[in-house]
Amino acid sequence: MTKLEMKEAVIKAIDANKEKLFAVKDQIYCNPEFGYKEVKTTDTVATYLEKELGLSVEKNIAVTGCRAQIKGKTKGPCIAIMGELDGISCKEHKDANEIGASHTCGHFLQITGMLGAVTGLIKSGVINELDGLVDIIATPAEEFIELEYRDQLKKEGKLTYFGGKQELVKRGYLDHVDMAMMFHSQDLGEAQALIGPESNGFVGKKIHFIGKEAHAGSAPYDGINALDAAMLAINNVNALRSTFKESERVRFHPIITKGGDIVNVVPADVHMESYVRTRTIKGLEEVNERVNRAIQAGAMAVGAKVEITEIPGYCPILKQPEFDEMMKKNLEALGLEGKIIDGGDFTGSFDFGDISHLMPAIHPMIGGIKGGLHTKEFQVVDEDLACILPAKAMAMTIIDLLYDGAKGANEILKDFKPKMTKEEYLKFLQKNDRTILYGEG
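Just so it is clear, the model here is predicted, and its values are computed rather than measured.

*Asks:* How would you sum up the overall build of the chain? Please name residues and give values.
*Replies:* Along the backbone of the chain there are 12 helices and 20 strands. For 441 residues, the compact-globule estimate of 2.2 N^0.38 gives 22 Å, and the C-alpha radius of gyration of the chain, at 23 Å, lies within 12% of that figure. When the backbone C-alpha atoms are referred to their principal axes, the chain occupies close to 85 × 45 × 45 Å. Counting all 441 residues of the chain, 56% fall into the buried class. Once local pairs closer than 6 in sequence are excluded, the contacts in the chain between residues at least 24 apart make up 80%. Accessible surface, the chain: about 18,100 Å² in total, of which carbon and sulfur atoms supply 49%. Taking the average place of the 53 positive charges on the side chains of the chain and the average place of its 65 negative ones, the gap between the two points comes to 2 Å.

Written out as structure tokens, the structure reads:
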């Protein structure tokens with residue numbers, strides 16, 4: 001088959017299996033699960049890969065999640081298609097379950113698109129004409145939530161990192177992967193896709209201010225007010241905001257998770273959580289240290305102690321122009337010409353950013369939804385656009401990469417220099433996995 005014939009064949013195969021894919025989509029949507037708890041969702045994906053596509057599936061690759069592989073006619077580069085399994089907490093959404101979990105993140109659409117792309121490659125027979133491998137990786141725990149639960153898993157030795165893709169890198173599941181792709185849902189207004197997004201990275205922070213109890217009415221002078229320390233810390237960071245470079249797109253957004261015990265006792269046990277987000281790794285290191293000083297200064301001012309526990313967050317997403325352009329042309333061939341945004345600025349974070357530091361990786365945003373992610377307004381308004389069209393585009397892009405001796409992939413790979421090796425990346429994570437004490441002794 002020519003390349004065009006291959007693309008036509010995968011499109012036809014995906015369309016022929018659309019109802020089966022929608023059934024998987026609906027099953028996942030109706031059973032949202034939080035990160036590292038995606039037991040039902042992992043089983044749903046694995047069952048489809050095994051029974052519908054005849055693949056051998058490795059389950060629970062990082063507590064949950066699963067992986068399969070399909071081989072072309074000859075050896076060549078390995079392309080990973082990734083999708084995320086977890087839901088998010090949004091109690092106000094009409095389809096949230098009894099614990100407030102929902103799929104208002106759109107990950108159920110990603111998974112459907114991933115399965116659709118693989119279905120097209122297998123059912124059409126096109127994979128047998130390509131030169132290389134395709135890994136299908138259903139990843140857990142993209143949403144950075146339920147940190148206490150993940151910390152417990154860490155203490156039990158069941159994981160090292162809170163993010164699913166971080167854990168997969170550490171466990172070696174991407175050691176043989178050369179390139180990676182996935183997509184994310186987004187309300188794009190009149191547009192239908194966005195190519196080449198940039199995002200912030202972040203480090204997570206759990207902050208514990210430790211003061212001294214005293215009667216708040218009769219003897220507040222005998223206490224050390226940890227809540228005052230926390231409030232001063234927040235104001236100290238606010239005082240720094242004008243010094244942050246606009247190019248770094250800095251975000252610091254704390255919440256106080258415990259402000260004290262009872263109103264007539266000086267708060268001595270106060271807890272705060274936040275992220276520090278920036279656009280670059282260098283900026284993250286610089287801003288994070290300055291934020292730490294501001295937090296410590298809040299404790300110093302009232303004579304409190306403070307314990308800052310840092311948790312490795314996610315890296316910023318990096319662009320890969322040649323890879324992005326390949327995906328864009330396929331989206332245009334599917335009818336999206338004139339409806340694609342080039343480039344996007346996202347101050348939120350995605351753990352796929354970590355992958356983009358290690359290999360050529362693309363993360364387009366696809367429409368078909370209405371309303372903000374993680375909000376009660378989220379809804380799918382065009383399910384074909386939301387998951388079937390990106391399935392076709394990803395399958396077509398894999399053909400571009402692995403056709404004719406994998407010329408497309410090799411052309412991108414020959415000039416690519418990763419921002420980090422795996423070893424450097426793991427050292428970076430370890431550097432941000434620490435506890436800082438101020439006021440001890």
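*Asks:* Go over helix α6 (residues 164-171) with me, naming the residues and quoting the values.
*Replies:* Within α6, six of the eight residues are buried, which leaves the element mostly enclosed by the surrounding structure. For α6, the complete set of buried residues consists of Gly164, Lys165, Gln166, Glu167, Leu168 and Val169. Tucked into the core, α6 has its buried residues touching β1 (58-62), β3 (74-84), β6 (131-139), β14 (305-312), α10 (352-356) and α12 (422-431). Among the residues trailing α6, Gly172 stands out with phi positive, at a value near 90°.

*Asks:* Account for the sheet that holds strand β2 (residues 64-71), with residues named and values stated.
*Replies:* Strand order in the open sheet formed by six strands is β1-β2-β6-β3-β7-β16, with mixed pairing between adjacent strands. Bordering the open sheet on either side are β1 and β16 (361-362), each of which pairs with just one other strand. Pairing of strand β7 (residues 179-181) with β16 involves two bridges; the strand directions are parallel. Within β16, the residue paired with Met181 across the bridge is Ile362. This element, α6, spans β1, β3 and β6 of the sheet and lies at about 100° to β1.

*Asks:* Tell me about the sheet that holds strand β9 (residues 193-199), and name the residues and values.
*Replies:* The strands that make up a sheet pair up through hydrogen bonds in the backbone, lying either parallel or antiparallel. Ordered by their spatial adjacency, four strands build an open sheet running β8-β17-β9-β15, and the pairing between neighbours is mixed. The open sheet has two free edges, formed respectively by β8 (184-185) and β15 (340-346), since each of these has just one partner strand. Across two bridges, the pairing between β8 and strand β17 (residues 365-366) is parallel. Note that in β17 the partner of His184 across the bridge is Met365. Contacts between helix α9 (residues 321-336) and the sheet are confined to β9, β15 and β17, with β9 contributing the most and set at about 155° to the helix.

*Asks:* Hey, could you go over the nonpolar core for me, with residue numbers and the actual values?
*Replies:* Of all hydrophobic cores here, the largest spans 67 residues; its most connected members are Val45, Leu121, Met181, Leu331 and Leu401. Among the elements that line this core, the one with the most residues is helix α11 (residues 383-414), at 17 residues. What Val45 contacts, discounting residues up to four positions off in sequence, is Ile28, Cys66, Leu85, Ile111, Met114, Leu115 and Ala138. Counting residues in each nonpolar core, the second largest holds 50 residues, with Met82, Val250, Val306 and Tyr425 among its members.

*Asks:* Could you give an account of unusual backbone geometry, with specific residues and numbers?
*Replies:* Excluding glycine, residues mostly carry a negative phi; peptide bonds, for their part, are mostly trans. At Asn60, a residue that is not glycine, the phi angle is positive and equals roughly 55°. Positioned with a positive phi, Glu146 is a non-glycine residue whose angle comes to about 45°. Relative to the elements of secondary structure, Glu146 occurs in the loop between β6 and α5 (147-155). On the basis of relative accessibility, which here comes to 29%, the residue Glu146 falls in the partly exposed class.

*Asks:* Summarise the pattern of salt bridges; cite the residues concerned and give the values.
*Replies:* Here the structure, examined in full by the defined rule, presents 32 salt bridges. A salt bridge links Lys94 to Asp95; the shortest N-O distance between them is 2.9 Å. Given a relative accessible area of 33%, Asp95 falls into the partly exposed group.

*Asks:* Talk me through the side chain of Ser349; I want residue IDs and the actual numbers.
*Replies:* Here Ser349 is to be found in the loop between β15 and α10. The class for Ser349 is buried, based on a relative accessible area of 15%. At 3.0 Å, the side chain of Ser349 forms a polar contact with the backbone oxygen of Asn200. When sequence neighbours within four positions are dropped, the list of residues in contact with Ser349 reads Glu142, Asn200, Gly201, Phe202, Arg277 and Tyr314.

*Asks:* Got a sec to walk through the pairing of strand β13 (residues 269-278)? Specific residues and values, please.
*Replies:* Along any regular strand, the residues point their side chains to alternate faces of the sheet. For β13, a buried count of seven out of 10 residues is recorded, marking the element as mostly surrounded by other parts of the structure. When strand β11 (residues 251-252) meets β13, the two strands line up antiparallel, connected through two bridges. Directly across from Phe252, in β13, lies its bridge partner Val276. Note that strand β12 (residues 255-258) and β13 share three bridges and pair antiparallel. Bridge assignment links Lys258 to a residue of β13, and that residue is His271.

*Asks:* Tell me about the packing of helix α2 (residues 18-29) against helix α3 (residues 39-52), and name the residues and values.
*Replies:* One can describe the packing of α2 onto α3 by two numbers: an axis separation of 10 Å at closest approach and a directional angle of 165°. It follows that α2 is roughly antiparallel to α3 by the angle criterion. Where α2 crosses over α3, the handedness of that crossing is right-handed. Here α2 contributes Lys20, Leu21, Val24, Gln27 and Ile28 to the contact with α3, which in turn contributes Thr41, Thr44, Val45, Tyr48 and Glu52. Within the contact of α2 with α3, the residues separate by chemical class into five nonpolar, three polar and two charged.

Rules used in this analysis
Residues numbered from 1 in each chain as written. Predicted model: local features only at pLDDT ≥ 70, side-chain atom pairs only at ≥ 80, totals over all residues. Heavy atoms only, no water. Helix = DSSP H or I, 4+ residues; strand = E, 2+ residues; numbered from the N terminus. Rg over C-alpha atoms; globule rule 2.2 N^0.38 Å. Buried < 20%, exposed > 50% of the residue type's maximum accessible area, 1.4 Å probe, protein only. Contact = heavy atoms within 4.5 Å. Areas by Shrake-Rupley, 256 points an atom, 1.4 Å probe, with all protein chains shown as cover. Lys, Arg positive; Asp, Glu negative; His and termini not counted. Charge placed at Lys NZ, Arg CZ, Asp CG, Glu CD. Pairing = 2+ DSSP bridges. Axes fitted to C-alpha atoms, helices over the stretch in contact; angles between N-to-C directions. Core = buried A, V, L, I, M, F, W, Y, C linked by side-chain atoms within 4.5 Å. Salt bridge = Lys/Arg side-chain N within 4 Å of Asp/Glu carboxyl O. Polar contact = N/O pair within 3.5 Å; in protein donor to acceptor, adjacent residues only side chain to side chain. Parallel < 35°, antiparallel > 145°, perpendicular 65-115°, else oblique. Left-handed = near helix turned anticlockwise from the far one by under 90°. Nonpolar A, V, L, I, M, F, W, Y, C, P; charged D, E, K, R; others polar.

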